[in-house]
Amino acid sequence: MNVLSLIALLVLFIVFAVAATAKFLDRGGARQAMLDFGMPAPLAPLFAALLPVAEGVIAVTLLFPATRHWSAVAAGVLLLTFLLAVGYQLIRGRRPTCNCFGQLHPGRISGWTLARNLALFGLAAALVWPVPQAVVTFSPSFRAAFTPAVVWLLVAVAVLLVGQVLTGRALFALMRQQGRLLVRLDALEAPRAPVPPKPAPALQAAGLPVGARAPEFNLPSLVGETLTLGTLLAPQRPLVLIFVDPDCAPCTALLPQVAAWEQQGGVSFALISRGSVEANQKKVGPHHLATVLRQAEREVSERYRVQATPSAVLVHPDGTVAAPAAAGAVDIARLVESAFASVMSAAPQEASRQMPVPLAVGAAVPQLRLKDLQGRDFSEVHLLGQETFLLFFDPRCGYCRNMLEALKAWEVRRRADAPRLVLISAGSLQENVALELRSTVVLDEISSAMNRFGVPGTPSAVRISAFGRVASPVAVGADEVFALMAPLEPAVQRVGTLSTA
C-alpha cells in the first residue's frame, strides 16, 4: 500500500467511524434529517437506523485487506448518494440541517458540504483504483517506514482519538446535566417567600404587533390555485392563519378542531404549511379543510414572525393584525374563540349587510380565475359562445349530495340543444373527482366565485347567456335548480323539498 492509499484509508475510516457512532447516539436527529431531505415519513425511521449500521460496517471492513476493495466501493456509492442529495437540495434553494456527524457538528448544508463529500468520494476512488507506486514521489526510505505494524499502530491511534472525542462529549453532557440538577436542588432547598400567583397570559407576545399591516403573500394551494392574503379576506369576516408542518405531531392533532371551527362559519381559516403536496394531502385530506397553502420554506412564517408550529395569527377584515400571535393548541383555541366572539358581538344590521346580493339579470359575468379537475385554467372567457347553467355545488353539503343522482340522470337525459352544465364546486380535488359527473367541474376552494355572483349558499344555479351575461335570477335549492334546468323527465324533476346549506 502506498502512502496516498494509506492516508485515504485512515481518513475514510475516521470519517465513517465517527459518523456511524454519532448517528447511533443521536437517532432522533438522524430521523429528522431524513425527513428534512424529503424522505417519506414511513421510511425515515428505517433508513435512520440502517445508515449508521452501513457506515460502521464500511469503517470496520476498510481495515482488512480482503474486504478493503469492496468496502471502498460501498463507501463511494454512499458518498455519491450524499452528493446527489445535497446537490439536489441546494439547486432547489433549500438548506436542511445535515446530521452527518450527529450532535458533534450539526449545521445546515452548504457548498462546503458538497465539497467535503466530493473530496471523500475522491479518497474512496483512490482505494478502488490505487495510484501506481511510480507516481508516488516519496523516497524509498519514507515508504519503507510504513510497515504493517506501523499502519496498524496508526489505525489504533485513530480509533483512540475517535473514542476520546466521543467520551469527552459524553462527559461534557453529563456534567452539564449534573449542573442543572444542582441548580434545581438549590432552588428547592432555598426558603421561598409567598409570591402572589401570576395570571397565565392567554396569548404569547410573539409575532407582529397588533394593528400592524398583515404581510401580503402569494402561495399555491393543494389543488394548484394561487391565493393571496387579499383573496382570503372577506368583509366583516376575521381570518385565522394557522402555520403548520406536515411532520409536526401537535399540528396533526389540531386538524380535527380546525375542521370543526370551519363548520361553524363566520370566521375564515387558512392553513399555511410547507413540504410536498402529497405529504400535506395525506395529513389534511381526511379532515376536508377548505384552504391549505404551501410556502417553500418558512418565508411567510418569518414575515409574520412566527417561530413554532402550530401557531396562529388573527387578521382583521381590513388586513391588519387583530391580536398577538398564538402558539400551541390551547392558545390557538383561545385566539379562535376571541375571533368568534367578535363576530357574534357585531350589530344585527352589520350581519344583514353580509348577505350577498345576487347579480341582476343582464349583468356581465364577473372575473373568474379558477382551475378545472385537470388543472387547466378556467375564466369567464370560457363561458362565451354557448348558453350555460352555472351550478354552485359543495360535495360536503348534504343538500348537494341528495341531488347528485338526479343530477347524473339529468346529464344522461340532457337534450342536445340544452345549455351545458358547469359546476363551480367547493371541496378538494379528490372529493370532486369522486362525484363522477360528466359535466365540467371547476374548483372554488374559498367560494370567491360564489361571492362575486352573490350566491347565498349551495346548491344554487344561474343561467348565463352565450354573450357572457346573467340570463336568470339565482335559483336556490335543488327544486329551484332543476326547475331552472327544465324541461326534465318527471322522475328527475322532483328530488324532494331541499333548501340551501
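Look up: the structure comes first, before these words.
Quick caveat: nothing in here was measured; it's all calculated off a predicted structure.

Rules behind the numbers
Residues numbered from 1 in each chain as written. Predicted model: local features only at pLDDT ≥ 70, side-chain atom pairs only at ≥ 80, totals over all residues. Heavy atoms only, no water. Helix = DSSP H or I, 4+ residues; strand = E, 2+ residues; numbered from the N terminus. Buried < 20%, exposed > 50% of the residue type's maximum accessible area, 1.4 Å probe, protein only. Contact = heavy atoms within 4.5 Å. Areas by Shrake-Rupley, 256 points an atom, 1.4 Å probe, with all protein chains shown as cover. Expected span 1.5 Å × (residues − 1). Pairing = 2+ DSSP bridges. Axes fitted to C-alpha atoms, helices over the stretch in contact; angles between N-to-C directions.

Scanning the chain from terminus to terminus reveals 19 helices and 16 strands. The buried share of the chain, taken over its 501 residues, is 41%. Across the chain, contacts joining residues at least 24 apart in sequence account for 68% of those joining residues at least 6 apart. Accessible surface, the chain: about 26300 Å² in total, of which carbon and sulfur atoms supply 63%.

This next bit is on helix H4 (residues 65-91). Between the first and last C-alpha of H4 there are 39 Å, a value that for 27 residues agrees with the 39 Å anticipated at 1.5 Å per step. Among all positions of H4, only Arg-68, Ser-71, Ala-72, Ala-75, Gly-76, Leu-78, Leu-79, Leu-83, Val-86, Gly-87 and Gln-89 are buried. The first or second residue beyond H4 is Gly-93, which carries a positive phi of 80 degrees.

What the 5 strands build is an open sheet, ordered E7-E6-E5-E8-E9; its pairing is mixed. The outermost strands of the open sheet, each flanked by one partner alone, are strand E7 (292-294) and strand E9 (326-327). Where strand E5 (residues 239-243) lies against strand E6 (residues 268-273), 5 bridges are found, and the strand directions are parallel. Within E6, the residue paired with Phe-243 across the bridge is Ile-272. Helix H12 (residues 329-344) rests against E5, E6, strand E8 (311-315) and E9 of the sheet, and its axis sits at about 15 degrees to E8.

Treat this as a map of the structure, not an account of what it does.
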